[in-house]
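Summary of structural features
These are the residues of each chain, in order.
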Amino acid sequence: MSQPIQVPTMAEMLARGETPEILFWVGCAGSFDDRSKKITKAIVRILNHVGMKFAVLGTEESCTGDPAKRAGNEFLFQMQAMTNITVLNGYEVKKIVTGCPHCFNTLKNEYPALGGNYEVIHHTQLVQQLIDSGKLKVQGGEFKGKKITFHDPCYLGRGNDVYEAPREVIAKLDVELNEMKRSKQNGFCCGAGGAQMFKEAEKGNKEVNVERTEEALSTNPDVIAVGCPFCMTMMTDGVKHFNKETQTKVMDVAELIATANEL
Amino acid sequence: MEYIDNILFAVLLGAGGFLFAKNIGKIRRNILLGRDVELSDNKSLRWKTMIRVALGQSKMVTRPVPAILHFFVYVGFIIINIEVIEILIDGVAGTHRVLSFLGPLYTFLIATFEVLALLVLAGCLIFLARRNVVKLKRFISKDLDGWPRSDANYILITEVLLMSAFLFMNAADRNLQIAGHAHYHEISASAFPISGLLAPMLSGLEPSSLVFVERFTWWFHIVGIIAFLNYLPYSKHLHILLAFPNTYYSNLKNKGQFTNLESVTTEVKAMLDPSFTPPPPPETPQRFGAKDVQDLTWKQIMDSYSCTECGRCTSSCPANITGKLLSPRKIMMSVRDRADDIGKNMDANGGTFQDDGKSLLGDYITPEELWACTSCNACVQECPVNIDPLGIIVDMRRYLVMEQSASPTELNMMMTNIENNGAPWQFSPADRLNWANEE
């Protein structure tokens, strides 16, 4: 933990005449939200540890437009998208890893029609690739034998059919991975998607995140693993709702890997 | 007078077929009220999807009990309809069991139909019990209050009656054969494994009464089928036909990908790039998003006519489960109701729609329903015939936001933030990389 992280920007790399292997798209939550910044740093620690040549856009990054599009504001979405595409194409970006399934989905699926064609992967997929290629050795560390349940982010799972990457990464930690009743294709939303993160829920008799956290807690986990900064917020709030913060932590898959390996 | 039965039958068949074609034509017209959308790409994948999802019922298996029961009814329905071919020939030509020359094959077929008929009968009775006795949550939902709930029961009761008629027809026929009655030539007894069990119930009857039972059930069965066919266009049961084209035209892209509004692209390009020459505007300017069914695509309207109101979507919807007003099933039912109402309006006004002061958004679907959606795709995943309620919800949100500026206040703030500082929260873009230097 003691080593300072190295976060080169695309501009710096270009100035040095270098080209990164991959662009790390941090996302708004990963940049500004205090809890999510820790996920961002965990991803960077993994990248630093394996010596991967990456860069971020830094202040040149802007919202992908995902929440605007889900809310119905196609204008704002396309304004954001085209501005970002100009920046990305200017740097001749080929490959992107995101720390957020919403950025992942938008960049991967919705930018091509507007002129942005990149190979986009989610950070759990990158970690899986690093493990599979032998570049990243993973040990269970403090999580060995612990009970973990994984909450599928909608835009990673159902939205893009990525179910195995996060699970395979977690399995490497030598933990007891318990599935919730509603998982993978049948996963249950945390309640934040579709721009709900930014508004009060409509009138109902329960909060979606409370329903989901209840289900997660029923597996009696030491850790609820997530792969999305918004799920992180919703599940963390849910765990607080049930006063279970001391028994159950909510952690991103990247944080599990970084923590277990003392990166 | 000897041909009166045959003539009556042929007239009934012709009238039934004509009426059915006419009503299907109306539904086709209603579907084509929607905007055009290009879905003719990737034919081989489309065929495969249709075969897997509609023919193979691949998405039913997630709920094993209804999957098995539905499979009985589905297979029974398709296979027993082979028997209808014989009934049609017999009816028109005045023959009796014209295909019995097939010998052992015929025996095998009739026996199979009988077993299937029993399975259909059992399936429908259990389905009726699930709706009316067990009262499963998705069937007692207020979505189904009124006609939709009766519709479901009518379908099941009709199928029970049709299958009962079929089995009693065979039982009477079998007894007449054994009695050596003229016109009823002997078929192997093994053709009647189920009706053979019913036969003792008819054993006290005179041959003339048996003939009456046989003829009555024969007519009941075939007239019932013709009537049922004509009931389809008014019923949720239309899914037995539309499941096939609807899955053929499935969305083949990742479910997370929302459609791109090209009309917006043109305007955004014109704003960002002064040298961009926009193409000439279309003759009829298109709305942003959907206010009424004409703003949806024909596929979205077809989705609504393919919906059999099973409620899997709603029972997996996080908004609905937590008590919000949104029900994806109800969204689909509202789209069909609106398309039907527009169709009726057109029929009453010589084929052109007279503005009735109503629209899908507002009169059939409320903003509160739309704003409850988390866009999680659970409804889309669940649908056994690949209906996409989410696309409709998003198109209606687009209308609310882009045409009416009617988004919830907090979402307006979020969008203002994105516009001004490139993030949904009020942070300065200059601080975006601060995390890298914080401990």
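In short, a report on the structure. Everything quoted here is computed from the prediction, not taken from an experiment.

A few points about the overall build of chain A
- Secondary structure summary: chain A contains eleven helices and eight strands in total.
- Taking 263 residues into account, the globule formula puts the C-alpha radius of gyration at 18 Å, and chain A, at 18 Å, falls close to it.
- When the backbone C-alpha atoms are referred to their principal axes, chain A occupies close to 50 × 45 × 30 Å.
- The contacts of chain A with a sequence gap of at least 6 include a subset with a gap of at least 24, amounting to 78%.
- For chain A, the exposed surface amounts to about 9,700 Å²; the carbon and sulfur share of it is 47%.
- Across chain A, the 30 positively charged side chains and the 33 negatively charged ones have centroids separated by 2 Å.

Details of the overall build of chain B
- Helices and strands together make up the secondary structure of chain B, namely 19 helices and zero strands.
- With the C-alpha coordinates of chain B rotated into their principal frame, the extents come out at 95 × 55 × 40 Å.
- Burial analysis of chain B (439 residues in total) assigns 50% to the buried set.
- Residue pairs at least 24 apart in sequence account for 78% of intrachain contacts in chain B once pairs closer than 6 positions are excluded.
- Between the mean site of the 39 positive side-chain charges and the mean site of the 43 negative ones, chain B shows a separation of 3 Å.

Topic: the sheet that holds strand β2 (residues 54-55) of chain A
Residue and element names in this part refer to chain A.
- Taken together, the four strands give an open sheet; going across it, the order is β2-β1-β3-β4, and neighbouring strands pair in parallel fashion. Of all strands in the sheet, those bounded by a partner on one side alone are β2 and β4 (119-122).
- The pairing of strand β1 (residues 22-25) with strand β3 (residues 95-98) spans three bridges and is parallel. Its bridge partner lying in β3, leucine 23 is registered against isoleucine 96.
- The sheet strands contacting helix α6 (residues 101-110) are β1, β3 and β4, and the helix crosses β4 at an angle near 160°.

Focus on a nonpolar patch on the surface
All names here are of chain B.
- Together, Ile157, Leu161, Phe212, Phe216 and Phe220 give the surface a local cluster of nonpolar side chains, amounting to about 500 Å² of exposed area.
- At the level of secondary structure, the elements contributing two or more residues to the nonpolar patch comprise α6 (147-178) and α8 (207-231).
- In this structure, phenylalanine 216 sits in helix α8.

With respect to the pattern of salt bridges
- By the definition in use, this model includes 37 salt bridges over all chains.
- Close ionic contact of B:Asp41 with B:Arg46 constitutes a salt bridge, the shortest N to O distance being 2.8 Å.
- Given a relative accessible area of 42%, B:Asp41 falls into the partly exposed group.
- Three or more residues joined by partner-sharing salt bridges are found here, namely A:Arg182, A:Lys206, A:Glu211, A:Arg212, A:Glu214 and A:Glu215.

Examining the interface of chain A and chain B
- With 71 residues of chain A at the interface, the matching set in chain B holds 60 residues.
- Regarding the contact of chain A and chain B, the summed buried area is about 5,600 Å², with carbon and sulfur atoms giving 64% of it.
- In this assembly, chain A and chain B are joined by three salt bridges.
- Counting across the interface, chain A meets chain B through 32 residue pairs in polar contact (both at pLDDT 80 or more).
- Of all the elements in the fold, those that place two or more residues in the side of chain A that touches chain B are α2 (28-32), α3 (34-50), α4 (66-71), α5 (74-90), α6 and α9 (208-217) of chain A.
- Sort the elements by how many residues they give to the side of chain A that touches chain B and α5(A) lands first, with seven residues.

The rules behind each value
- Along each chain, numbering runs from 1 in the same order as the chain's sequence is written.
- Note on labels: chains are lettered from A, ligands numbered from 1, in written order.
- Only residues with pLDDT of at least 70 get local features here, since the model is predicted, and only at 80 or more are side-chain atom pairs given and counted; chain-wide, interface and lining totals rely on the full set of residues.
- Neither water nor hydrogens contribute to the side-chain values; these are computed over all heavy atoms in the structure.
- A run of DSSP states H or I qualifies as a helix once it reaches four residues; a run of E qualifies as a strand once it reaches two. Both are numbered from the N-terminal end.
- Based on C-alpha atoms, the radius of gyration is set beside the globule rule, defined as 2.2 Å times the residue count to the power 0.38.
- Residue contacts are counted whenever heavy atoms from the two residues lie within 4.5 Å of one another.
- The accessible surface values rely on the Shrake-Rupley method and a 1.4 Å probe; as for residues, cover is taken only from the protein chains in view.
- Neither His nor the chain termini are counted; the positive set is Lys and Arg, and the negative set is Asp and Glu.
- All charge positions are set by atom: Lys at NZ, Arg at CZ, Asp at CG, Glu at CD.
- For each residue, the accessible area found with a 1.4 Å probe, counting protein chains only, is set against the maximum for its type, and the residue is called buried under 20%, exposed over 50%, and partly exposed in between.
- At least two bridges found by DSSP between two strands is the condition for calling them paired.
- Between N-to-C directions, angles cover 0 to 180 degrees, with each direction set by a line fitted to C-alpha atoms, over the stretch in contact for helices.
- To count toward a patch, a residue needs a relative accessible area over 30% and no salt bridge; like charges are then connected within 9 Å, while nonpolar side chains (Val, Leu, Ile, Met, Phe, Trp, Tyr) are connected within 5 Å.
- The rule for a salt bridge is simple: a side-chain nitrogen of Lys or Arg has to be within 4 Å of a carboxyl oxygen of Asp or Glu.
- Put simply, buried area is the surface a 1.4 Å probe can reach on two separate parts but cannot reach once they are joined, added for both.
- The term polar contact refers here to a pair of N or O atoms within 3.5 Å; inside protein, the definition further demands a hydrogen-donor-capable atom paired with an acceptor-capable atom, and it admits residues adjacent in sequence only when both atoms are side-chain atoms.

Everything listed is a geometric property; what it means functionally is a separate question.
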